[in-house]
Amino acid sequence: MRTPYLLAGFIVALVALVLGRLIHDDSARAGDVPTLRALYSIEPPFAYIDARGRVTGEAPEMLRVLAKRAGLGEVEFIHTEFGQLLHDLQIGRADIVASGLFVTPERAQRARFTRPTAQVSSALLVGAGNPLDLHGLDDIAAHPDAVLAVIDGAVELTVAKRAGVPPARIQRHGDSTSAAVAVIEGRADALALSDVSLRHMLAVSGLTGVELAQPYRPPQREGRGEAGWPAFALRPQDEAMARRIDEAMAGYLGSPEHRALVAAFGFGPDNLPAPAQR
């Protein structure tokens, strides 16, 4: 009778499969994988797809460099909407978020952030000539008809609510292009986003009929200032991988190589993170 032998062979194969999966999972948690899966959303200049179809931007290009320095192998990029980045990270769709995600106390409860890769400030995109004379979120909150466009899940949504902009006058968009088009078409009166994002948009998009609000005034309720700190995000249990990336970053941030890389995306000396900032 061959049945017992077939059954025994099946059990041995099953045990080997389970053990192999466990070993793979353990190595993935330690970062010893040939491919690092990275989530991104379209938000130039932090992350976007160039004319050749390649994922690029400040965050993806930095991650490629850091992955090599940390011995984490090649990077595979996986697209998702901005508001889904942390959700998709938590469910294991990828190992890391590389999309200019700002560090906030709320997000830090869901992810393990690396040290920041840059520091940026808020800005406001308005219609040409700034017809409503909007120079900050306080102006939008005070104007009874002003409509603000934001990226769904971005920090500007939280800051706008704290500044007193009613939720009924906040439009949520999946990406910066659709939000800018809403301003151009008059469906929104302003778009709140980082200064580097809006400068890059105006420089390369070819959009007309919009401009940066000058000067820009931070909300009075923001007592701690408006500097944003983009960073890479990992699952809390992936501490070993996060430390390897932090160590690789320690010898790279602020170097001539780093400055040249991010300058191509509109990041200047003022956008470099302070050495002690964590």
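Above this text sits the structure in question.
All of these numbers come straight from a predicted model, not from anything done at the bench.

S.K.: I'd like to hear about the overall build of the chain, residue by residue, with values.
M.R.: Check the secondary structure of the chain and you find 10 helices and 12 strands. Buried positions account for 49% of the 278 residues belonging to the chain. If you take every contact in the chain between residues at least 6 apart in sequence, the share linking residues at least 24 apart comes to 73%. Element-wise, carbon and sulfur atoms account for 56% of the exposed surface of the chain, whose accessible area totals about 13,400 Å².

S.K.: I'd love a proper account of empty space enclosed by the protein, names of residues and values included.
M.R.: Inspection of every chain in the model, using the stated rule, returns one cavity of 30 Å³ or more. Lining of the largest cavity is provided by Glu-43, Phe-82, Gly-100, Phe-102, Arg-107, Ala-154, Val-155, Glu-156 and Leu-193. Secondary-structure elements contributing two or more residues to the lining of the largest cavity are strand S5 (96-102) and helix H6 (155-162).

S.K.: Explain the pattern of salt bridges to me, and be specific about the residues and the numbers.
M.R.: Side-chain pairs of opposite charge can arise where the charged atoms are in close proximity. As enumerated under the stated definition, the model contains 14 salt bridges in all. Across the pair Asp-152 and Arg-172 runs a salt bridge, and its minimum N-O distance is 3.3 Å. Residue Asp-152 is found in the loop between strand S8 (148-151) and H6, and its partner Arg-172 is found in strand S9 (residues 170-173); the two are separated by 20 residues along the sequence. Residue classification places Asp-152 among the partly exposed positions, given a relative accessible area of 31%. For Arg-172, a relative accessible area of 49% gives the class partly exposed. Here the salt bridges share partners, and the residues they tie into one network are Arg-37, Asp-95, Arg-235 and Asp-238.

S.K.: Mind laying out the sheet that holds S8, listing which residues take part and the relevant values?
M.R.: Strands pair in a sheet through their backbones, by hydrogen bonds, and they do so in one of two ways: parallel or antiparallel. Taken together, the five strands give an open sheet; going across it, the order is S9-S8-S10-S7-S11, and neighbouring strands pair in mixed fashion. The outermost strands of the open sheet, each flanked by one partner alone, are S9 and strand S11 (210-212). Between one strand axis and the next, the sheet turns by 30 degrees as a mean value, whatever way the strands run. When S8 meets S9, the two strands line up parallel, connected through four bridges. Across the sheet, Leu-148 pairs through a bridge with Ile-170, a residue of S9. The sheet contacts of helix H7 (residues 176-184) involve strand S7 (122-127), S8, S9, strand S10 (190-194) and S11, and relative to S10 the element is tilted by about 150 degrees. Each of S7, S10 and S11 touches helix H8 (residues 195-204); the most contacted strand, S10, lies at about 115 degrees to it.

S.K.: Which residues make up helix H2 (residues 58-69), and what values do they have?
M.R.: Over its 12 residues, H2 runs 17 Å from end to end, which matches the ideal 16 Å to within 8%, given 1.5 Å per residue. Burial runs high along H2: 10 of the 12 residues are buried. In the segment just after H2, Gly-71 is the residue with positive phi, at about 70 degrees.

Each value, and the rule that gives it
- Residues numbered from 1 in each chain as written.
- Predicted model: local features only at pLDDT ≥ 70, side-chain atom pairs only at ≥ 80, totals over all residues.
- Heavy atoms only, no water.
- Helix = DSSP H or I, 4+ residues; strand = E, 2+ residues; numbered from the N terminus.
- Buried < 20%, exposed > 50% of the residue type's maximum accessible area, 1.4 Å probe, protein only.
- Contact = heavy atoms within 4.5 Å.
- Areas by Shrake-Rupley, 256 points an atom, 1.4 Å probe, with all protein chains shown as cover.
- 1 Å grid on protein atoms, 1.4 Å probe; cavity = no way out; pocket = protein on both sides within 12 Å on 5 of 7 lines; lining within 4 Å.
- Points joined across faces, edges and corners; volume = space filled by probe spheres on them.
- Salt bridge = Lys/Arg side-chain N within 4 Å of Asp/Glu carboxyl O.
- Pairing = 2+ DSSP bridges.
- Axes fitted to C-alpha atoms, helices over the stretch in contact; angles between N-to-C directions.
- Expected span 1.5 Å × (residues − 1).

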